[in-house]
Amino acid sequence: MARKIVVTSGKGGVGKTTVCANLGVKLANLGFRVALIDADIGLNNLDVVMGIENKVMFDMSDVIKGRCRLKQALVQDFRYPTLYILPSAQLDINANISGKDIENIVETLSPYFDYILIDCPAGVDIGFHRAVFSANEALIVVTPHISSIRDADKVLSLLSNYPLHSKKLIVNRVRGDMILSGEIISIEKIMEILGLPIMGVIPDDDEISTLSTLGAFAYGTSGSRAFSILAENVHNGSKKIYDCTYKYRGLVGVIRRNIKRRV
Amino acid sequence: MYNIAKLGEIRLQNVLLKDKQQNPKVILNMLKSDLRNLLENYMEIATLNADIEIENGFYKLKVEANARQIKTIGTLKD
């Protein structure tokens, strides 16, 4: 049976979809069978980030309304044959989709996959509850900004209503130079404030945003390495954390920091 | 030079504290009602006071109940 993990945050724009896509890619790269479910109905973007938007024939609402079979709606990734994406409702914004509908889909997929990652919409309304309903683990994505951490705290209080057996934190878009110069809240402090263990730290990597514009994924960059570590942590339960500050330490690091500030 | 991260932490903690202070009133009344029902299985409650304070980011629940009688074993509900 698959592990069912919802990727959530509360606040929009923190990188839920990017984390979901990249984590899915890295898990598939490790040889696992992965299904990515876009639960962001109406504001679906997982297909675009994955670069499969032209391959979408059916979506989640078609499956729920019985207009196609689940297998027909799943899109296989052309780079990783064990990675599948279930796109969200594109046009049918008012599709009456419930948490139970998504749970049925998740349960149907569960025997065939090792991981099911559910991309949760921003906000804490019906869409959030619909996405969380079928998960048994949660990854909460935050950025080192007050607004994001505050929203994550609210999300945590809502998640306490669900029988999730694991809730862990992913700190995204971390700038090592700003941590060293004391300009953003440290990872340790975020963990302490939210009272959650950390699953991964993802650096602010220009390559990730550039390549997501093309529907591609970075390799060999700091962001890619951080996602590989995250995938290992998710699978093994290891606690390795990508050090975003290492590039900015020492004499060369100070020069790099100064250059980055001036650019 | 200001430590911006430190200032951010202080602001964040204040914001989270305010958020936490807004929640408990409704919950507290529900909790008191449930606690009374629970305790009345074991004793005759005269007064029940409950309060929630926030200390170091944790909710601290204070409950004070006065009972006239404690029920004897054998008379308790199943």
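Preceding block: the structure.
Residues numbered from 1 in each chain as written. Chains lettered and ligands numbered in written order. Predicted model: local features only at pLDDT ≥ 70, side-chain atom pairs only at ≥ 80, totals over all residues. Heavy atoms only, no water.

## Describing the pairing of strand β4 (residues 83-86) of chain A
All names here are of chain A. Relative to β4, strand β2 (residues 34-38) runs parallel, the two being bridged by four bridges. Paired with L36 across the strands is I85, a residue of β4. Strand direction decides the pairing type here: strand β3 (residues 75-76) and β4, joined by two bridges, are antiparallel. For V75, the partnering residue across the bridge sits in β4 and is I85. Hairpin connection between β3 and β4: a loop of six residues separates the two successive antiparallel strands. (Pairing = 2+ DSSP bridges. Helix = DSSP H or I, 4+ residues; strand = E, 2+ residues; numbered from the N terminus.)

## Side note on the sheet that holds strand β8 (residues 198-203) of chain A
Residues and elements named next belong to chain A. In spatial order, the strands read β3-β4-β2-β5-β1-β6-β7-β8; together these eight strands make up an open sheet with mixed pairing. A single partner strand is all that each edge strand has here, and the edge strands are β3 and β8. Examined bridge by bridge, strand β6 (residues 137-142) and strand β7 (residues 166-174) share six bridges and lie parallel to one another. Counted as the bridge partner of A138 is K167 from β7. Sitting on the sheet, helix α1 (residues 16-29) touches β1 (3-8), β2, β4, β5 (115-119), β6 and β7, and the angle it makes with β5 is about 165°. (Contact = heavy atoms within 4.5 Å. Axes fitted to C-alpha atoms, helices over the stretch in contact; angles between N-to-C directions.)

## With respect to the environment of A:Y162
All names here are of chain A. By the secondary structure assignment, Y162 is in the loop between α7 (146-159) and β7. A relative accessible area of 17% places Y162 in the buried class. In this view, Y162 contacts H129, V132 and F133; residues no more than four positions away in its chain are not counted. A polar contact of 2.6 Å, which involves the side chain of Y162, links it to the side chain of H129. (Buried < 20%, exposed > 50% of the residue type's maximum accessible area, 1.4 Å probe, protein only. Polar contact = N/O pair within 3.5 Å; in protein donor to acceptor, adjacent residues only side chain to side chain.)

## Quick notes on the interface of chain B and chain A
Residue-level contacts link 13 residues of chain B with 12 residues of chain A. When chain B packs against chain A, the two sides together hide about 1,200 Å² of surface, and 66% of this comes from carbon and sulfur. If you sort the residues of chain B by the area they bury against chain A, B:E9, B:L12 and B:L16 come out on top, with a joint share of 40%. For the pair chain B and chain A, the number of links is one salt bridge. In this structure, B:D19 and A:R150 form a salt bridge, with 2.8 Å as the shortest nitrogen-oxygen distance. There are three residue pairs in polar contact (both at pLDDT 80 or more) connecting chain B and chain A. (Buried area = accessible area lost by both parts, 1.4 Å probe. Salt bridge = Lys/Arg side-chain N within 4 Å of Asp/Glu carboxyl O.)

## Focus: unusual backbone geometry
In this structure, A:R173 takes a positive phi of about 55° despite not being glycine. The topology assignment puts A:R173 in strand β7.

## So, the side chain of A:S88
Residues and elements named next belong to chain A. Residue position: S88 is located in the loop between β4 and α5 (99-109). Judged by relative accessible area, S88 falls into the buried class, the value being 0%. At 3.2 Å, the side chain of S88 and the backbone oxygen of D40 are in polar contact. When near neighbours in sequence (up to four residues on either side) are disregarded, S88 contacts D38, D40, I41, G42, N44, D59 and M60.

## What about the pattern of salt bridges?
Per the counting criterion, the structure on display carries 15 salt bridges over all chains. Two residues, A:E107 and A:K4, come together in a salt bridge whose shortest N-O distance is 3.1 Å. With A:E107 in helix α5 and A:K4 in strand β1, the pair connects residues that are 103 residues apart, well separated along the chain. Judged by its relative accessible area of 34%, A:E107 is partly exposed. With a closest N to O distance of 3.3 Å, B:E9 and B:K6 form a salt bridge. Residue B:E9 and its partner B:K6 are located together in helix α1 (residues 4-22), separated by three residues, close to a single helical turn. For B:K6, a relative accessible area of 43% corresponds to the partly exposed category.

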